[in-house]
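Remarks on the overall topology
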Amino acid sequence: MLFVSCQDELYDIPRDAGGKAILTDISGTTTTGISTLDDQFSVTANLPNAKSGDVMNVECLQLQIPMSCL
């Protein structure tokens, strides 16, 4: 039997000197509201692992009413 394993680093996860992942705050986004009449909209995002030069693209695919968990 031959077993082959490949491990590609998909995301640049911040790590400490020992190689362990550094856990940060949770990402979050806010907006003042989006309607079907809007041609453009703004989203403010808090991305704790973002680095200078990172780019975020946002596209509203389908408006949905938020559901709360019971």
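Residues numbered from 1 in each chain as written. Predicted model: local features only at pLDDT ≥ 70, side-chain atom pairs only at ≥ 80, totals over all residues. Heavy atoms only, no water.

**Structural notes on the overall build of the chain**
Threshold: Every helix listed is a DSSP run of H or I at least four residues long, and every strand listed is a run of E at least two residues long, numbered separately from the N terminus. The cut-offs for exposure are 20% and 50% of the maximum accessible area for each residue type, with area from a 1.4 Å probe on protein chains only; residues under the lower value are buried, those over the upper are exposed, and the others partly exposed. Accessible surface area values rest on a Shrake-Rupley calculation with a 1.4 Å probe, where residue burial reflects the displayed protein chains alone.
For the chain, the helix and strand inventory stands at 0 helices and 2 strands. In the chain, which comprises 70 residues, the proportion classed as buried is 0%. Of the accessible surface of the chain, which amounts to about 7,400 Å², a share of 54% is contributed by carbon and sulfur atoms.

**Remarks on the environment of N49**
Heads up, the rule is: Any pair of residues with heavy atoms lying within 4.5 Å of one another is described as a contacting pair.
Along the chain, N49 turns up in the segment after β2 (44–46). With 22 residues separating them in the primary sequence, N49 and S27 have C-alpha atoms 8.5 Å apart. Each residue touching N49, except ones within four places of it in the same chain, is listed here: P14, T24 and D54.

**Some words on the environment of T32**
Within the fold, T32 resides in the loop between β1 (28–30) and β2. Taking relative accessible area as the criterion, T32 reaches 87% and is therefore assigned exposed. Separated by 12 residues in sequence, T32 and T44 place their C-alpha atoms 9.2 Å apart.

**Concerning a nonpolar patch on the surface**
To keep things clear, this is the line we draw: Like-charged residues are merged into a patch within 9 Å and nonpolar side chains (Val, Leu, Ile, Met, Phe, Trp, Tyr) within 5 Å, provided each residue has over 30% relative accessible area and no salt bridge. The working definition used for a salt bridge is a side-chain nitrogen of Lys or Arg within 4 Å of a carboxyl oxygen of Asp or Glu.
On the surface, L47, M56 and V58 cluster together into a nonpolar patch covering about 240 Å² of accessible area. As for its position among the elements, L47 is in the segment after β2.

**Details of the environment of V43**
Within the secondary structure layout, V43 lies in the loop between β1 and β2. Between the C-alpha atoms of V43 and T31, which are 12 residues apart in sequence, the distance is 4.9 Å. In this structure V43 touches T29, T30 and V58, once residues within four positions along its chain are discounted.

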